[in-house]
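Close look at the chain arrangement
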Protein chains: 2
Amino acid sequence: MEGNRRSARHSPGNVTIQDVAARAGVSTATVSRTLANPEVVSATTRERVLRAVEATGYTPNVAARNLRARRSMMILVIVPNVASPFIAEVLRGIDDELVLSGYDMIIGNLDNLVEREARYVKLVQSGQVDGVMITSGRIPGDGDRSMADLGVPMAAVCAAVPGLTAPHVTVDDRQASIDVATHFLEFGHRRFGYISGPAGNVNEIDRYDGFKEGLRQGGVGAKDLTYWPGHFNLRAGVDAAEDFLTLEAPPTAIYAACDEAAISFMKTVISAGRRVPEDVSVVGFDGIDVARFVRPTLTTVHQPRYELGRTGAQALLKAIAGLEVEEPVVRLAAPLIQGASSGPAPV
Amino acid sequence: MEGNRRSARHSPGNVTIQDVAARAGVSTATVSRTLANPEVVSATTRERVLRAVEATGYTPNVAARNLRARRSMMILVIVPNVASPFIAEVLRGIDDELVLSGYDMIIGNLDNLVEREARYVKLVQSGQVDGVMITSGRIPGDGDRSMADLGVPMAAVCAAVPGLTAPHVTVDDRQASIDVATHFLEFGHRRFGYISGPAGNVNEIDRYDGFKEGLRQGGVGAKDLTYWPGHFNLRAGVDAAEDFLTLEAPPTAIYAACDEAAISFMKTVISAGRRVPEDVSVVGFDGIDVARFVRPTLTTVHQPRYELGRTGAQALLKAIAGLEVEEPVVRLAAPLIQGASSGPAPV
DNA sequence: TAACATTATGTAATCGATTACATTTACACA
DNA sequence: TGTGTAAATGTAATCGATTACATAATGTTA
C-alpha cells in the first residue's frame with residue numbers, strides 16, 4: 001500500500017476515470033470512448049456516462065493521457081529575454097495561434113545568457129514538449145548536444161538561425177538596413193554612426209552588414225562610420241551617446257540596431273543640447289509601440305511582430321503534424337516608418 | 001500490438017529505463033535507484049548502470065515520472081497581457097526564482113479577456129500544474145467553477161486579489177496614489193485629471209481611490225477632478241489628451257494609472273503646443289524602463305517589478321511545499337520617483 | 001428460426017518510471 | 001559451521017487514460 005488515494009493532493013487528482021466508470025456502471029473503456037468518440041457508444045450509455053462525469057466533476061488527467069499518447073501538447077518558446085518589448089508582442093502572436101490547436105506555451109527565458117540553454121535542452125530531451133519555437137537566433141545547446149539533434153520539431157522566428165533546417169519566419173534585416181542607409185543618403189548625410197546589438201547575434205550581423213553595404217553603395221567607406229558596441233537594450237544608447245558627445249566632428253546620422261537604444265540615444269544627446277533631427281538624425285529597428293510616443297517620433301524599421309509570432313507558430317504546428325512546410329523560409333515585409341527623428345543633414 | 005516503439009516519435013521517447021536495465025543487466029528498479037539514491041546501490045552496480053545510461057543517452061520520461069509522483073513541476077502564471085512592459089519584468093523575477101527549484105513556467109495570457117480564463121481553469125483542473133501565480137488581480141473562473149475551488153496552491157502578485165486566501169505580494173497602490181496627490185498639492189495644483197485603468201481592476205480601484213483620498217485631504221473635491229476612462233495602454237493617454245485639449249480650464253496636474261498612458265498623454269499634448277511641466281504636470285505609475293528616456297523624464301510611482309515576481313514566486317513555492325507562509329501579505333515599497341514631468345502649478 | 005453481420009461493451013495490455021515488499025546475498029559472530 | 005543481521009537487488013503493483021482484441025448483445029436475412 002502506498003497511501004490513500006483520496007488524501008494529500010489537491011482535488012484535480014481525486015476523481016479518476018475509474019470513479020466515473022463505477023458510478024455509471026460501465027467499464028473505463030466505455031467512459032473513455034464516450035468522451036473521445038461519442039458516436040460509438042449507445043445513446044443510453046452515453047447519457048449515463050455523461051451524467052456521471054457531470055456529477056463527479058471529472059477531468060482527464062493529462063499526465064496519464066500524455067504518457068499514453070506520447071505527446072504533451074506543450075510548446076517550448078525560447079526567448080532571449082522575456083522583458084523585451086519586442087519579444088512580448090511576438091509571444092502574443094505565437095500564443096494566439098497555439099491556442100487554436102490546443103497547445104500551451106512554456107517560456108524558456110535565456111536572459112541573454114548562453115548557459116541557460118542547457119536547461120531547455122534537458123526539458124526537450126525528457127520529452128516534455130512537442131515542439132520548439134526559437135526566437136533567439138541560435139540553436140540551444142549544452143556543450144555536447146544541440147537541440148537540433150534531438151529530433152523535436154522546431155521553427156524559428158525573428159531571426160534566421162544558422163545551421164537550422166527548419167521553417168523560418170523573419171524579416172529581411174539586411175535589406176531593411178540597406179534601406180536605412182539609403183534613407184540617410186537621400187537626406188545628404190555623409191558621416192554615420194551605428195549602435196550595435198550583441199556581438200555575434202545573427203540579427204545584429206545582418207543589420208550591420210546591410211547598413212555598411214547600403215553606405216558602400218552610396219560611396220561611403222569605413223572611416224565615415226562610427227561603430228558603438230552594445231546590446232538590444234536602453235543602456236546601449238546611453239553609452240553610445242556619451243561617446244558621441246565627445247566627438248569633434250560627430251556623425252549626423254545614427255542607426256541603432258534596436259528602438260530602445262535609439263530612444264535612449266536621442267534622450268541623452270537632446271539633454272546635452274543637441275537637436276534631433278536638425279543636428280543628428282536617428283533611426284531605430286523593431287517598431288515597438290512606444291517609438292511613436294517619444295519626441296521626436298522615432299523613424300524605425302517596423303517588424304510585424306505579432307504576425308511573425310503567428311506565422312511562425314503556424315509553421316511549427318505543421319511541422320509537428322508531419323506536414324511538409326511548403327515555404328520553409330518566409331520573409332515578411334519590414335517597412336521603414338518615417339518619423340520625425342530623421343531629416344536632412346545639417347548644412 | 002500497437003505499432004513499433006522505435007518508429008514514429010522523435011528520439012527522446014526512444015530510450016527507456018528498460019533499455020538501460022537490459023544493457024546493464026539489472027532490473028529497472030536498480031536503475032531508478034542508481035539515479036535517485038546512488039548510495040543504496042553497490043559501487044560496482046552503480047558503475048555499470050551509469051555506463052549504460054551514458055552509452056544509451058537515457059533521460060527519464062517526465063510524463064511517466066509525473067504520473068507516478070502526481071506532480072508536474074510546472075507553474076501556471078496568469079498574466080493580463082504578455083505584451084505589457086510592466087508584466088515582462090515581473091515574469092523575469094518569477095522565472096529566476098522558479099528555476100532554482102526546478103520548476104518551469106507556463107504562461108496563461110488573458111489578453112485582457114475574461115473569457116480566456118476558462119482555458120486555464122481547465123488546465124489546472126486536469127492536474128497539469130503544481131501551482132498558480134496570479135498577476136491579473138482576479139481569480140480566474142469559467143462561469144461555475146473558480147480556480148480557487150480547485151485546491152491548487154496559489155499566490156498573487158502585483159494586485160491584491162479579492163476573495164483569495166493565498167499569499168499576496170503587492171505594493172500599496174492606494175498609499176502611493178495618496179502620495180501622488182500630495183506631490184501635486186505641494187506644487188500648488190488645484191485642478192486635476194486622472195487617466196484610469198480598466199474599470200473594475202483592483203489596482204485601478206485602489207489607485208483612483210487613493211488619489212481621490214489624497215486630494216480630499218488637501219481640500220479638493222470631485223468637481224476639480226476630471227476622470228478619463230481607459231486601460232493600461234498607450235491608447236488611454238491619447239484619448240485623454242484629446243479630450244484634455246478641448247477643455248476651457250484644463251487640469252494642471254494629471255495622474256495616469258500606468259506609465260504608457262502618461263507617456264502618450266505627454267506626447268500628444270506637447271505636440272499640440274502645451275508644455276510639460278510648465279502648463280501641465282504628469283505623473284505615471286509602474287516605473288517602466290523607458291519612462292526614464294522620454295522627454296521630459298516621467299515622474300512615476302516605481303514598482304519593484306522584478307522583486308514582486310521573485311518574492312511572489314518564493315511564497316508560491318512555500319505554499320506548494322505545504323509550509324506555512326509566515327507573511328501572507330507582503331507589501332513592497334513603491335516610491336514616487338521625481339522626474340521632470342511634474343512641477344509647480346502655472347501661475 | 002438458424003446463421004451471420006453489426007453494434008456495443010468489457011478485458012487487459014500499454015505508455016515509462018517509481019517504490020513497497022519480497023527475496024537473495026554477504027558478512028559478522030558465536 | 002550455523003544463525004542472525006544488514007546490505008543489495010529483484011518482482012510486481014501503481015499512477016490514470018487509451019485502445020487492440022475478445023466477447024456479448026442486437027439486428028438482419030434467407
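That block above? That's the structure.
Structural notes, computed from the coordinates. (Residues numbered from 1 in each chain as written. Chains lettered and ligands numbered in written order. Predicted model: local features only at pLDDT ≥ 70, side-chain atom pairs only at ≥ 80, totals over all residues. Heavy atoms only, no water.)

Each helix and strand in chain A was counted, giving 11 helices and 14 strands. Computed over the C-alpha atoms, the radius of gyration of chain A is 27 Å, more than 25% above the 20 Å expected from 2.2 N^0.38 for a compact globule of 347 residues. By its C-alpha atoms, chain A is 90 × 40 × 35 Å across when sized along the principal axes. Each of the 347 residues in chain A was classed as buried or not, and the buried ones make up 55%. Sequence separation of at least 24 residues holds for 70% of the intrachain contacts in chain A that already meet a minimum separation of 6. A total of about 14600 Å² of accessible surface is found on chain A, and carbon and sulfur atoms cover 51% of it. (Helix = DSSP H or I, 4+ residues; strand = E, 2+ residues; numbered from the N terminus. Rg over C-alpha atoms; globule rule 2.2 N^0.38 Å. Buried < 20%, exposed > 50% of the residue type's maximum accessible area, 1.4 Å probe, protein only. Contact = heavy atoms within 4.5 Å. Areas by Shrake-Rupley, 256 points an atom, 1.4 Å probe, with all protein chains shown as cover.)

A word on the protein's contact with DNA strand D. Taken together, 30 residues lie near DNA strand D, and I17(A), R65(A), R68(A), T30(B) and T45(B) sit nearest. At 2.8 Å from a base nitrogen of DNA strand D is found a side-chain nitrogen or oxygen belonging to R33(B). Of all the secondary structure elements, the ones that give two or more residues to the surface near DNA strand D are α2 (28–36) and α4 (62–69) of chain A together with α2 (28–36) and α4 (62–69) of chain B. Along the lines of polarity and charge, the residues of the surface near DNA strand D split into 11 nonpolar, 11 polar and eight charged. (Near = heavy atom within 4 Å. Polar contact = N/O pair within 3.5 Å; in protein donor to acceptor, adjacent residues only side chain to side chain. Nonpolar A, V, L, I, M, F, W, Y, C, P; charged D, E, K, R; others polar.)

With that out of the way, let us pick up the relation of the copies chain A and chain B. At an RMSD of 0.1 Å, chain A and chain B line up after a rotation of 180 degrees and a shift of 0.1 Å along the axis. Given the turn and translation reported, the copies of this chain are related as if by a two-fold rotation axis. Closest approach to the rotation axis among the C-alpha atoms of chain A is made by I106(A), whose C-alpha sits 2.3 Å away. Here 100% of the interface residues in chain A have copies in chain B that are interface residues too; the copies meet face to matching face. (Least-squares fit on C-alpha atoms with pLDDT ≥ 70 in both.)

Okay, the packing of α4(A) against α4(B) next. Put simply, α4(A) and α4(B) touch, their axes get as near as 9 Å, and they point 145 degrees apart. Judged by the sense of rotation from one axis to the other, the crossing of α4(A) with α4(B) is left-handed. Mapping the contact onto sequence places A63(A), A64(A) and L67(A) in α4(A) and A63(B), A64(B) and L67(B) in α4(B). A class-by-class count of the residues in the contact of α4(A) with α4(B) yields six nonpolar, no polar and no charged. (Axes fitted to C-alpha atoms, helices over the stretch in contact; angles between N-to-C directions. Left-handed = near helix turned anticlockwise from the far one by under 90°.)

The interface is formed by 64 residues belonging to chain A together with 65 residues belonging to chain B. When chain A packs against chain B, close to 5600 Å² is buried across both sides, 56% of that on carbon and sulfur atoms. Applying the counting rule to chain A against chain B returns eight salt bridges. Between the two partners, chain A and chain B, sit 20 residue pairs in polar contact (both at pLDDT 80 or more). Counting residues per element, the ones that place at least two in the side of chain A that touches chain B are α4, α5 (85–100), β2 (104–109), α6 (117–125), α9 (234–244) and α10 (259–271) of chain A. Among the elements that line the side of chain A that touches chain B, the one with the most residues is α5(A), at six residues. (Buried area = accessible area lost by both parts, 1.4 Å probe. Salt bridge = Lys/Arg side-chain N within 4 Å of Asp/Glu carboxyl O.)

To continue, consider the environment of R207(B). All names here are of chain B. For R207, the location among the structural elements is in helix α8 (residues 202–217). The class of R207 is buried, set by a relative accessible area of 3%. Taking C-alpha positions, R207 is 20 Å from L164, a pair spaced 43 residues apart along the chain. In this view, R207 contacts D173, S177, Y194, F232, Y255, A257, F285, D286 and Q303; residues no more than four positions away in its chain are not counted. In terms of polar contacts, R207 uses its side chain to reach the backbone carbonyl oxygen of A257, at 2.7 Å.

The next thing to look at is the pairing of strand β10 (residues 253–256) of chain A. Residues and elements named next belong to chain A. Both faces of β10 are covered, namely the face carrying A253 and Y255 and the face carrying I254 and A256. Bridge analysis of strand β8 (residues 192–195) against β10 gives four bridges, and the strand direction is parallel. Counterpart to I195 in the pairing with β10 is A256. As paired elements, β10 and strand β11 (residues 281–286) share three bridges and run parallel to each other. Pairing of A253 across the sheet is with S281, part of β11. (Pairing = 2+ DSSP bridges.)

Let us look at helix α11 (residues 305–321) of chain B. The terminal C-alpha atoms of α11(B), which comprises 17 residues, lie 25 Å apart, in line with the 24 Å expected from a rise of 1.5 Å per residue. Every buried residue belonging to α11(B) is among R305(B), Y306(B), L308(B), G309(B), T311(B), G312(B), A313(B), A315(B), L316(B) and L317(B), and all of these are buried. (Expected span 1.5 Å × (residues − 1).)

Turning our attention to the protein's contact with DNA strand C. Lining the immediate environment of DNA strand C, one finds 30 residues, of which T30(A), T45(A), I17(B), R65(B) and R68(B) sit closest. Here, DNA strand C places atoms within 4 Å of the protein, and 65% of those atoms are sugar or phosphate. The contact in question runs from a base nitrogen of DNA strand C to an N or O atom on the side chain of R33(A), over 2.9 Å. Here a phosphate oxygen of DNA strand C sits 3.1 Å away from a polar atom, N or O, in the main chain of N61(B). Of all the secondary structure elements, the ones that give two or more residues to the surface near DNA strand C are α2 and α4 of chain A together with α2 and α4 of chain B. For the surface near DNA strand C, the element with the most residues is α2(B), which contributes four residues. Of the residues belonging to the surface near DNA strand C, the class tally is 11 nonpolar, 11 polar and eight charged.

Here the focus is the nonpolar core. Within the largest apolar cluster, 136 residues are counted, with the highest numbers of intra-cluster contacts made by F211(A) and F211(B). In contact with F211(A), not counting residues within four places along its chain, are S177(A), I178(A), V180(A), A181(A), F184(A), F192(A), G193(A), Y194(A), L225(A) and Y255(A). Core analysis: the second largest hydrophobic core is formed by 42 residues, Y120(A), I139(A), V132(B) and V152(B) among them. (Core = buried A, V, L, I, M, F, W, Y, C linked by side-chain atoms within 4.5 Å.)

Turning next to the sheet that holds β11(A). To summarise the sheet geometry, strands pair through backbone hydrogen bonds and adopt either a parallel or an antiparallel arrangement. In space, the six strands of this open sheet follow the order β9-β8-β10-β11-β12-β14 (chain A), with mixed pairing throughout. The sheet terminates laterally at β9 (225–228) and β14 (336–337) of chain A, the two strands that pair on one side only.

This paragraph deals with the sheet that holds strand β14 (residues 336–337) of chain B. Residue and element names in this part refer to chain B. Spatially, the six strands line up as an open sheet ordered β9-β8-β10-β11-β12-β14, and their pairing is mixed. Two strands close off the open sheet at either side, each with one partner strand: β9 (225–228) and β14. Each of β8 (192–195), β9, β10 (253–256) and β11 (281–286) is contacted by α8, which is oriented at about 170 degrees to β8, the strand it contacts most.

This brings us to the packing of aromatic side chains. A complete count under the given rule lists 24 aromatic pairs over all chains for this structure. Look at F184(A) and F211(A): their rings are 6.2 Å apart centre to centre, the planes differ by 75 degrees, and that puts the pair in the edge-to-face class. Linking F184(A) in helix α7 (residues 173–186) with F211(A) in helix α8 (residues 202–217), this pair joins segments that are 27 residues apart in sequence. The same class applies to F184(A) as to F211(A), namely buried. Each ring, one from F244(B) and one from F265(B), has its centre 5.2 Å from the other, and the planes form 75 degrees; the classification is edge-to-face. Highlighted residues: F244(B) in helix α9 (residues 234–244) and F265(B) in helix α10 (residues 259–271), separated in sequence by 21 residues. (Phe/Tyr/Trp six-rings, centres within 6.5 Å; stacked < 30°, edge-to-face > 60°.)

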